[in-house]
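# Close look at the chain arrangement
Each chain is listed here by its residues.
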Amino acid sequence: MFPKLKHWNTLRNQILIVFVSVMALVLLIASVITYNEVSTLLKENAEKQIQQTAVQASGRMDVLFEQVSKLASQVANHAKVQEILLNHVNGIEPSFRERQSLMHVVNSYVPFSDGIDSFELYLSDERRLFPLNEADLSSRLDPRWIQKADEAKGRMIWISKDPNDPNFYLAIKQVTLLDRWFSQGGYLVVRIKDTYFQFNEASQTSDYMILLDGDVHPISSNFEGDVSLIFSTSGRSVTINESEHLLVEHVSKLTGWKTVILTPISSVTKDVTALRTALIVACIIGFFVFLIFSYSISTAITKPIQKLTKTLKYGTLGALHPNPEISSTKEINELNETYNNMVETMNHLIQVVYEKEILSSRAELKALQAQINPHFLFNTLDVLYWSLDEKGEEELSEYVLDMADLFRYTIQYDKQEDWVLVKEEIDHVERYMKIMKIRFEDRLTWKITVPAEFESVELPKLVIQPLVENAILHGIGNQVGQGHVEVIIKRGKGDFIQVIVKDNGAGMGQRTLESLYQSLKTDTMKLSGKSGMALVNVNKRLKLYYQIKQSYALMIESEKGKGTEVYFEIPWRRQRDEVSESDISR
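First, a word on scope: everything that follows refers to the structure included in this document.

Reading the values: the criteria
- Each chain carries its own residue numbering, running from 1 in the written order of its sequence.
- Totals for whole chains, interfaces and linings use all residues, but because this is a predicted model, local features are given only for residues with pLDDT of at least 70 and pairs of side-chain atoms are given and counted only at 80 or more.
- Side-chain metrics rest on all non-hydrogen atoms present in the structure, leaving aside hydrogens and water.
- Segments assigned H or I by DSSP are reported as helices when at least four residues long, segments assigned E as strands when at least two residues long, and all are numbered from the N terminus.
- For every residue, the accessible area (1.4 Å probe, protein chains only) is compared with the maximum for its type, and the residue is labelled buried under 20%, exposed over 50%, or partly exposed between those bounds.
- Being paired, for any two strands, means DSSP has found at least two bridges between them.
- All axes here are fitted lines through C-alpha atoms, helices being fitted over the stretch that makes contact, and every angle between N-to-C directions spans 0 to 180 degrees.

Okay, unusual backbone geometry next. A cis geometry characterises the amide bond from Phe 130 onward to Pro 131, with omega recorded as 0°. The phi dihedral of Gln 547 is positive, around 50°, even though this residue is not glycine. Within the element layout of this structure, Gln 547 appears in the loop between helix 15 (533-545) and strand 16 (555-559). On the accessibility criterion, Gln 547 (41% relative accessible area) is partly exposed.

Here you go:
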């Protein structure tokens, strides 16, 4: 697709690209992780510092609230106040003079605090005792605040904005009578300036600082917007004027007030910009440094391989030559050494193949010459047959003809004729029997039983005759008296037919039979003489032709003095693989 890129598709460039890509990916991941971790760390540290500021600011508000609460307690516990309220509880109404005297008492405490504007004192029946007017507490405050003051048992309750003047805040405290078992004697309302609870920190920073009471009403704030919008979103950050702010809050255990600080995240993470620049510069420097080292490493790896490749190219022009180059890398040295050993071996093999081709040519000439000998033998036997037939020796001429057919069946070889019909193999056995009859005369009898349905079954050539030959020579030939050989072909198990060759000869003992089975298993002849060679040969050929995995294709049953029976099974419908001549001869 890109023929121009093939020039650059080298091992060195591939190693270089992979190394640089991996390094770039590692640097990118490390930079992103570092940047995110540092950013998060800076935010967390800033949040901790802001949280500490919120705690300190909330603490100062608690101190201011405590100052107001203490002054209110001093007013409530003043002897004159306690006396008038106790007399009222006992049924004595306060006189006008007593109410006027309270003005001097109450107003004497106002200068002790910059935040307190005034005090209001009410009787237990909620009528105003001071200042001098006839208003009652229920018209001044919501009844629920009176109820909360009763439940607080003398603790000051924050009310929030003064309904009559939003520039002031109100607080209420139940006055308990010290001489009447701290029972309820009246109420003290404190009027506080709205400038009293102000954050000094808000003027020094760009943060928004908000102080909220228990009902989430602002007590102090430098935020000009709607405070409720800030708390309408959940999370640790809020967006104000398209700028994201970090939200930190602290709730006072004393008052229940909430101190909220909103800090622009940009001011928190301003140091991250310098970090980002440093990371980018470090990544660029690291990338180029690794690029240089990767180029050096890839060159060091591929240069010896390139030299070895050039040496291999020279081998196409003639004999291969060893590569004398030595690299500083162990693996390259092993590769170079392996190549040199391969060159030495291949040069040797080339010489051997050349010599074998010469020998093969000579052997082919000898084989062509050797083909004349079987034809000469067959022609000579034919001449002998016609000569005996003309002289009236018909029986002898038949033996000569059988011998010629026997030799022709045995000697001729063709891959296509390596498989024969059962009928052809049996005819060959019959001819062999007739020839052996000349030697044994009346001592040898035989019987062949082959159903007509099995005559067309294919089987490997020369697998029955060697068994018959073994039975005659080593069974009948080793006994005195008449011998009988029987060849039987019958149906076996399933789609198999069974071929049986048995004789009534000398037989074998148990030790000889075990030794023979061991020879069949190892495909080697361990018996003395050649009495088992035909069996080993047939067993091996059957295993090769029919791909038999078991150790034995032949089964042998024999008893000393009672004869021997050899049998094997082959498929009725031949299913065979091509077996090379070299496999059979091994």
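Strands sit in the order 7-6-10-9-8 across an open sheet of five strands; the sheet is antiparallel. Each of the sheet's edge strands pairs with one partner strand only, and the pair in question is strand 7 (218-221) and strand 8 (237-240). Neighbour to neighbour, the strand axes of the sheet diverge by 25° on average, direction disregarded. Here strand 8 pairs with strand 9 (residues 243-251) via four bridges, running antiparallel. Residue pairing in the sheet places Ile 240 in a bridge with Ser 243 of strand 9.

Right, let's get into the pairing of strand 17 (residues 563-571). For a regular strand, the rule is simple: side chains alternate between the two faces of the sheet. Most of strand 17 sits out of view: seven of its nine residues are buried. Judged from the eight bridges that link them, strand 15 (residues 496-503) and strand 17 form a sheet pairing that is antiparallel. Directly across from Gln 498, in strand 17, lies its bridge partner Glu 569. In terms of strand pairing, strand 16 meets strand 17 through five bridges, oriented antiparallel. Bridging across to strand 17, Glu 559 finds its partner in Gly 563. Counted along the chain from strand 16 to the antiparallel partner strand 17, the turn is three residues long, and its residue Gly 561 has a positive phi close to 80°.

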